[in-house]
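Fold and contact review
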Amino acid sequence: MTLETSGSNGKSGDIRKTGIDPNFWYPLARSGDVKAGKAHAVSFAGEPIALIRPRQGEIYALENRCAHRQVPLHIGVVDEKGIRCSYHGWTYDRSGKCISVPYLDSCRLCPNNVRSYPCREAYGLIFVFPGEAAKLESAAFPEIASASDPNYKTRYLNRRVA
């Protein structure tokens, strides 16, 4: 489904391309959506992101494409080192650095990396900061007081409709 609007110039535009400020923490998935040892595909403003939960350690977020042939990383294999692309086996660590190319003897020759995103898990949600790294420190993490208040109940709704 494409979300479109008509602008003042009469042309159709994608609502996901609006002037949203990327220098903020955004919830992109529920914690339960990303299983241990797996990756989960999400997007922010049309940018593909893979949320990766290793069996040990904290969740992290990478650009959802292999730097080699642009294959989505979320269909790859998650292991203790990082995520391995399902196409040619390039492996990326949590910082997005390519740490292994199966057909190269030394990874000092690993050619390309992918973008990593600051990622935090709170309130049963996974938050990603898609903005500029220099603005991360000044961006306050959202405080959702009602998340731990027993007088409030949280209801999650899916966009999927039969």
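As shown above, the structure is provided for reference.
Throughout what follows, the structure given in this document is the object of discussion. Owing to the predicted nature of the structure, the values given are computational and were not obtained by experimental measurement. (Residues numbered from 1 in each chain as written. Predicted model: local features only at pLDDT ≥ 70, side-chain atom pairs only at ≥ 80, totals over all residues. Heavy atoms only, no water.)

1. A word on the pairing of strand β12 (residues 119–122)
Bridge count between β12 and strand β13 (residues 125–128): four bridges; the pairing is antiparallel. By the bridge assignment, Glu121 is partnered in β13 with Ile126. Linking β12 back to β13 in an antiparallel pair, the connection comprises two residues, with Tyr123 at a positive phi of about 60°. (Pairing = 2+ DSSP bridges. Helix = DSSP H or I, 4+ residues; strand = E, 2+ residues; numbered from the N terminus.)

2. Brief notes about the packing of aromatic side chains
Applying the stated criterion to the full structure yields seven aromatic pairs. When the centroid spacing of 5.3 Å and the interplanar angle of 65° are considered together, the rings of Trp25 and Phe141 count as edge-to-face. On the criterion of sequence distance, the pair formed by Trp25 in the loop between β2 (12–14) and β3 (26–30) and Phe141 in the segment after β13 is long-range, its members being 116 residues apart. Relative to Phe127, the ring of Tyr123 has its centre 6.2 Å away and its plane inclined at 75°; by these criteria the two rings are edge-to-face. Judged by relative accessible area, Tyr123 falls into the partly exposed class, the value being 32%. Note on Phe127: relative accessible area 2%, which makes it buried. Among the aromatic residues, ring-to-ring pairing joins Trp25, Tyr123, Phe127, Phe129 and Phe141 into one connected group. (Phe/Tyr/Trp six-rings, centres within 6.5 Å; stacked < 30°, edge-to-face > 60°. Buried < 20%, exposed > 50% of the residue type's maximum accessible area, 1.4 Å probe, protein only.)

3. A word on the sheet that holds β13
Pairing is antiparallel across the open sheet formed by three strands, whose spatial order is β3-β13-β12. Each edge of the open sheet carries a strand with a single partner, namely β3 and β12. Pairs of neighbouring strands in the sheet enclose a mean axial angle of 30°, with direction left out of account. By the bridge criterion, four bridges tie β3 to β13 in an arrangement that is antiparallel. Counted as the bridge partner of Arg30 is Leu125 from β13. (Axes fitted to C-alpha atoms, helices over the stretch in contact; angles between N-to-C directions.)

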